[in-house]
Amino acid sequence: MGPKTKQTMKKILKNPTPAVEDVITKSKKRTRKVSQSKPQPAFTIGDIEDFQFREDEVKEIRASLLKWYDANRRDLPWRRINDSDDDDRDRKAYAVWVSEIMLQQTRVQTVVNYFNRWMEKWPTVHHLAQASIEEVNEMWAGLGYYRRARFLLEGAKTIVEEGGQFPKSLKDLLKVPGIGEYTAGAIASIAFKEAVPVVDGNVVRVIARLRTISANPKDKETVKTIWRLAGQLVDEDRPGDFNQGLMELGATLCKPLNPNCSTCPISAQCGALLVSKQNPSIVVTDYPTKVAKVKQRLDFSAISVVEILGSEEGRMNSKFLLVKRPEGGLLAGLWEFPSVSLNGEEADVDARREAIDDFLKNSFGLNLDIVSREEVGEYVHIFTHIRLKMYIELLVLRSQELRRKEKADMSYKYVDMKTLGSMGLTTGVRKAYNMVQKFKQSRSSLLKTVSS
Ligand code: SF4
């Protein structure tokens, strides 16, 4: 630690209330020297460790936030579950677990329907433990990040194998596969009232603004510090409500852009708001520092929606070929239309067809007795680190015996149109299927127009 940092620390220790002022002083110096508009990090990670909340601040933040939460909490199904006895608390813990896993990367409005369907099918952890991965994936279809669903199932099996009682403390929850610090904190505080913090992206933003933390919010040290600050704030009597309040405040008022500071219940304790009033070149959204997004890799794949005619009676008895993805990696174990990766390069229609033909012949011994083959379109599916451009074709083959070549070690199935329309499919597969349906419809309307 450099001499300047030591000096800062001494100042903080001598006077337990200088944090915000200290930041203001530094910000003023900095803006004179460096820039007219953007603040530079106000302090280093070493300094952040000492930016504790004062006792009176903690009290005020707890009281104001809980009052606001009581008046503004969103009515969500997992919040309606009673917690008056042990069984209820276990049910609540399970509901919190399912909802928190679903909420990662997905909007609340979308999650509510999924959650209700899930709880209807598997109302307790015991019911879930009996489910198959197929059923779970199907129920999850459309939520994305399918590993989360797999972890829920694995976690449920572990809990049931170990006696069936839901672990009740942060420490024990962390032993369940798939339950990390965030989820364990949420379950422990909301269902079992353990005074432990929960830090998601919303909480990182709120605390960074409360304490004018400009350091990179993705940095390990910063995150650790924010967990500690959140731990200092969490209300001992109502930890679950406090944690949900803090997350809800971040989601609804203290948003990344255009935060609603004028109605914020903890604006009196907000360092960023104070700094922005003192120094017009600074705005609250300067906190936390914006981090450049990881550049997504561009990839390409050819998708073939293979329709095999059933009989002379037309397409009513058609079957579609679905292939199961390998058990590891992206979308592990999920069903999809046959697809071939184009190894990171664009490929023209001939090259794509050749790649698909090889795949179908080698994997399934399919006799490519082609009735029609048409390009349906393309679309880009965004994964966390990949932008996958998919080229969709509709390949209609004449009726044939459906079998797989002995050497191919992949699971596959043929499903009729009705099953395909109703089964849970990933967003990408559903999109390809819908594109094919639309394509068929527009082609038949065109034919009707031409013949009339
Ligand atoms: S005052 Fe504004 S910036 Fe500060 S916590 Fe409230 S909403 Fe966020």
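Analysis parameters
- Residues numbered from 1 in each chain as written.
- Predicted model: local features only at pLDDT ≥ 70, side-chain atom pairs only at ≥ 80, totals over all residues.
- Heavy atoms only, no water.
- Near = heavy atom within 4 Å.
- Nonpolar A, V, L, I, M, F, W, Y, C, P; charged D, E, K, R; others polar.
- Phe/Tyr/Trp six-rings, centres within 6.5 Å; stacked < 30°, edge-to-face > 60°.
- Helix = DSSP H or I, 4+ residues; strand = E, 2+ residues; numbered from the N terminus.
- Buried < 20%, exposed > 50% of the residue type's maximum accessible area, 1.4 Å probe, protein only.
- Salt bridge = Lys/Arg side-chain N within 4 Å of Asp/Glu carboxyl O.
- Axes fitted to C-alpha atoms, helices over the stretch in contact; angles between N-to-C directions.
- Parallel < 35°, antiparallel > 145°, perpendicular 65-115°, else oblique.
- Contact = heavy atoms within 4.5 Å.

Student: Looking at this structure, I do not really get the site of the ligand. What am I missing?
Tutor: Around the ligand, a shell composed of Arg209, Cys254, Cys261, Cys264, Ser267, Cys270, Leu273 and Val284 is seen. Its residues assigned to classes, the shell around the ligand comprises six nonpolar, one polar and one charged.

Student: Which parts of the structure should I look at to understand the packing of aromatic side chains?
Tutor: How two aromatic rings sit relative to each other is set out by the distance from centre to centre and by the angle between their planes. In this structure the tally under the stated criterion is seven aromatic pairs. Here the aromatic rings of Trp97 and Phe166 are separated by 5.8 Å at their centres, their planes lie at 80°, and the arrangement is edge-to-face. In this pair, Trp97 is assigned in helix H5 (residues 86-103) and Phe166 in the loop between helix H9 (147-161) and helix H10 (170-173), connecting sequence segments 69 residues apart. Classification of Trp97 as buried rests on a relative accessible area of 1%. With a centroid separation of 6.3 Å and 90° between ring planes, the pair formed by Phe320 and Tyr433 is classed as edge-to-face.

Student: Just to check I follow, could you spell out the pattern of salt bridges for this structure?
Tutor: A side chain with one charge may pair with a side chain of the opposite charge, provided their charged atoms come close. Counted by the stated rule, this structure contains 25 salt bridges. A salt bridge links Arg238 to Asp70; its shortest N-O distance comes to 2.6 Å. Highlighted residues: Arg238 in the loop between helix H13 (220-233) and helix H14 (239-252) and Asp70 in helix H4 (residues 55-72), separated in sequence by 168 residues. Across the pair Arg80 and Asp75 runs a salt bridge whose closest N-O atoms are separated by 3.0 Å. The exposure classification of Arg80 matches that of Asp75, with both residues exposed. Linked by salt bridges that have partners in common, Arg352, Arg353, Asp357, Arg373, Glu375 and Glu393 make up one network.

Student: What am I meant to see in the packing of H4 against H14 here?
Tutor: How two helices pack is summed up by the angle between their axes together with the distance between the axes. Two numbers describe how H4 lies on H14: the axes approach to 9 Å, and their chain directions differ by 75°. Considered as vectors, H4 and H14 are oriented roughly perpendicular to each other. Contacts between H4 and H14 involve Ile61, Arg62, Leu65, Leu66, Trp68, Tyr69 and Asn72 from the first element and Asp241, Phe242, Gln244, Gly245, Leu246, Glu248, Leu249 and Thr252 from the second. Among the residues making up the contact of H4 with H14, the classes are represented as eight nonpolar, four polar and three charged.

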